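# Structural overview
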Amino acid sequence: MSHTAVVSGVEVDTRHWIGGERVASAETFDDVSPIDGTVLAQVARGRQAEVDRAVAAATAAFPAWSRTAPEERAAVLHAIADGIEKRLEELAQVETRDNGSLLRSHRRGVMPRVAMNFRFFADHLLRLHHDDFETRGHRNHVTWDPAGVTAVITPWNAPLMLATWRIAPALAAGNTVVVKPPEWAPLTASLLADIAAEAGLPAGVFNVVQGLGVEAGAPLTAHPGVRRISFTGSVPTAQAVGAAAAANVTPVSFELGGKSPLLVMDDADLDLAVDLAVEQFDNSGQVCLAAVRILVQESIADRFTEAFVERARGIVQGDPREEATGIGPLIGRTHFDRVDGFVQRAKAEGATVLLGGEPNTELNEATGGTYYRPTIFTGIDPTSEIVCHEVFGPVLTLQTFGTEDEGVAMANDTDYGLAATLVTGSRERAERITAQLSAGTVWVNCFFVRDLAAPFGGNGRSGIGREGGTWSFDFYCDVKNSVFAPGGWNGNG
Ligand code: NAD
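Residues numbered from 1 in each chain as written. Predicted model: local features only at pLDDT ≥ 70, side-chain atom pairs only at ≥ 80, totals over all residues. Heavy atoms only, no water.

### Observations concerning the packing of helix α14 (residues 404-412) against helix α15 (residues 427-436)
Put simply, the test is: Axis lines are fitted to C-alpha atoms, over the contacting stretch for helices. Their N-to-C directions set the angle, which ranges from 0 to 180 degrees. Put simply, DSSP marks the helices as runs of H or I at least four residues long and the strands as runs of E at least two long, and each gets a number from the N terminus on. Note on convention: near helix rotated counterclockwise from far helix by under a right angle means a left-handed crossing. Clockwise means right-handed. Here a residue-residue contact requires only that any non-hydrogen atoms of the pair lie within 4.5 Å. Side-chain classes follow a simple rule in which Ala, Val, Leu, Ile, Met, Phe, Trp, Tyr, Cys and Pro form the nonpolar group, Asp, Glu, Lys and Arg form the charged group, and the remainder, Gly included, forms the polar group.
Contact geometry of α14 with α15 gives a least axis separation of 10 Å together with a crossing angle of 35°. In this structure, α14 crosses over α15, and the sense of that crossing is right-handed. For the pair α14 and α15, contact is made by E404, V408 and N412 and by R429, R432, I433 and Q436, respectively. Across the contact of α14 with α15, the residue classes tally to two nonpolar, two polar and three charged.

### Observations concerning the sheet that holds strand β16 (residues 352-355)
The pairing of strands in a sheet comes from backbone hydrogen bonds and takes either a parallel or an antiparallel form. Rules: Two strands pair under a simple rule: DSSP has to find at least two bridges between them.
In space, the seven strands of this open sheet follow the order β16-β17-β18-β15-β14-β19-β20, with mixed pairing throughout. Two strands lie at the open edges of the sheet, namely β16 and β20 (441-444), each paired on one side alone. With strand direction ignored, the average angle separating the axes of adjacent strands in the sheet is 25°. Of the pairings in the sheet, the one linking strand β14 (residues 261-264) to strand β19 (residues 419-423) comprises three bridges and is parallel in character. Along β19, the bridge assignment pairs L263 with L422. Sheet strands in contact with helix α11 (residues 333-348) are β16, β17 (375-378) and β18 (395-401), and its direction is about 30° off that of β17.

### Some words on the environment of V178
Mapped onto the secondary structure, V178 falls in strand β10 (residues 176-180). With 155 residues separating them along the chain, V178 and R333 place their C-alpha atoms 28 Å apart. Once residues lying within four places of it in the same chain are set aside, the contact partners of V178 are A54, V55, A58, V149, T150, A151, V152, N207, V209 and L220.

### Considering helix α1 (residues 48-67)
Quick note on the threshold: The span one expects for a helix is its residue count, reduced by one, times 1.5 Å. Given a residue, its bend is the angle between the two axes fitted to the seven residues that end at it and to the seven that start from it. A 1.4 Å probe rolled over the protein chains alone gives each residue an accessible area, and that area as a share of the maximum for its type sets the label: buried under 20%, exposed over 50%, partly exposed in between.
The end-to-end C-alpha distance of α1, which contains 20 residues, comes to 29 Å, matching closely the 28 Å that a straight helix rising 1.5 Å per residue would cover. Approximately 40° is the largest bend angle found in α1, and it occurs at A61, with the proline P63 only one to four residues beyond. Those residues of α1 that fall on the buried side of the exposure criterion are E50, V51, A54, V55, A57, A58, A61, F62, W65 and S66.

### Things to note about the pairing of strand β1 (residues 4-7)
Consecutive residues of a regular strand have side chains that alternate between opposite faces of the sheet. Side chains A5 and V7 of β1 all project onto a buried face; the interleaved residues T4 and V6 project onto a face where none is buried. In terms of strand pairing, β1 meets strand β2 (residues 10-13) through four bridges, oriented antiparallel. Looking across to β2, one finds that V6 is bridged to E11. The turn joining β1 and β2, which pair antiparallel and follow one another in sequence, is formed by two residues; a positive phi near 50° is taken by S8.

### Here we look at the domain arrangement of the protein chain
The cut-off we apply is this: Delimitation of the domains relies on an automatic or database domain assignment. Two parts placed together each lose some accessible area under a 1.4 Å probe, and the buried area is that loss summed for both. Think of a polar contact as two N or O atoms within 3.5 Å of one another; within protein, one of them needs to be a possible hydrogen donor and the other a possible acceptor, and neighboring residues in sequence only count if both atoms come from side chains.
In terms of domain boundaries, the protein chain breaks down into domain 1 (4-256 + 462-478) and domain 2 (261-444). Between the C-alpha centres of domain 1 and domain 2 there is a distance of 31 Å. In this assembly, 21 residues from domain 1 lie in contact with 28 residues from domain 2. With both sides pooled, the region where domain 1 packs onto domain 2 buries about 2,000 Å², and carbon together with sulfur makes up 54% of that total. It is I35, W156 and S462 that lose the most area in domain 1 upon contact with domain 2, and together they represent 27% of the buried surface on that side. Across the domain 1-domain 2 interface, the total number found is 12 residue pairs in polar contact (both at pLDDT 80 or more). Mapped onto the side of domain 1 that touches domain 2, the elements with two or more residues apiece are α3 (88-99) and α4 (103-127). Top contributing element to the side of domain 1 that touches domain 2 by residue count: α3, with four residues. Within the side of domain 1 that touches domain 2, the residues separate by chemical class into eight nonpolar, seven polar and six charged.

### Describing the sheet that holds strand β7 (residues 132-135)
Pairing within the open sheet is antiparallel, and its three strands lie in the order β7-β8-β22. Every other strand in the sheet has two partners, leaving β7 and β22 (477-484) as the edge strands with one partner each. Strand-to-strand twist in this sheet, taken as the mean axis angle between neighbours without regard to direction, amounts to 30°. In the sheet, strand β8 (residues 138-146) pairs with β22 via eight bridges, with the strands oriented antiparallel. Of the residues in β22, the one forming a bridge with W144 is V479. Running over the sheet, helix α16 (residues 469-476) touches β8 and β22 and is turned about 80° from β22.

Encoded structure:
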């Protein structure tokens, strides 16, 4: 059995990475490209045994790594960032082939940010404030102690970016990591293992167990040796992960789905509002933060709708490696059928299709890929499935509202609360409305501006906890307060 796949000219080892060595499994699973349905690789299919081995390796590596001086840990993280920058084009090519996202966004935005994840948390580690304060003559000494083995489980829509945004702070904190990459886009995690080893990360500090969610992810989250679980994915999976974590009282960080609003007020810059609305089709709508519920104030609704549909109609769909392409395929057949199910049920319920509403059959027949046309619905019941449930595809709904209060109420009328985007020309109005929106991140007259120092996470069913900056260390560390009495030093205090 071959353990190597050559993807876009790049050699990728398809085995696990455990304790500083490549480990094969008896079985493999097929990794399929959404661009044309090609089988890219046969990837090792880990189960309980591989998870046990990886957790044991991470446990063994923990004492030394957790005691490594912060400056040394930071230096290794910067070396990993160097390696990512050196192999940026290879990473971008492999990720695009694997998950169908645009090559140009991987080159210019996503992969530079992957490197930045390591640089930022390396630098932040050195700025962490170890607090000292007095209570009745006693000294309180507050420290950030590494927590232990950290499980990282992530989805396929931005595989390396989402994984490293957890791996980097966990390693910076002094934890060791076992990552279970998404089975629909598993390849760049394997390249990261090569890069980390070349950068001098000691064996066992970072481990990769490939496999399916229920076979490899579930045993990892249920493992008593794991002391933190960082999970990014859907709500149903989070419920299973939460139940497994509860058995061992393992702390979890959950970054889950969304159904975020784009609130367009009557004093908005219309061109900007249209730009922001069209941006929601990025990555074929497979973005947790996407503002998929477009809410427009009635007095400008006709003008906005006409301009928005016109612009969305002009988005070029095709091979994500082409520079002119604005929207690529959905991740694969199962997800394609799921998205189509939502669209067909909305149509059957009587929703009006302003654009799309069907697969791009012509392109699918020509390529063997899984392309779905950008779709806009209006005339929808606010309680309908298409408004309330996360589709995670290029499907947006357009609703109107009368007063500002009605707009805010519609924006907040969701079980989720990951993000909200507001477009208005009035600063006063912006302050008033943002104060009322329930979301982890609110963008005003912009979208997707993310600083790694800022807290990130969601309200309601969008998650538990916040990561970013010091919030990440708060999660990945066991914060400790040591209280020193003023005396009792045996004469040598
Ligand atoms: P998913 O929940 O199906 O899978 C996510 C990961 O969990 C995969 O690696 C999968 O193998 C693993 N998994 C599946 N079953 C498991 C189990 N029983 N135990 C442990 N692990 C298991 O999600 P998906 O379809 O891969 O990703 C899409 C979802 O992710 C959407 O809901 C999206 O909104 C969400 N997402 C959230 C963020 C965020 O930061 N909030 C970012 C990206 C995606």
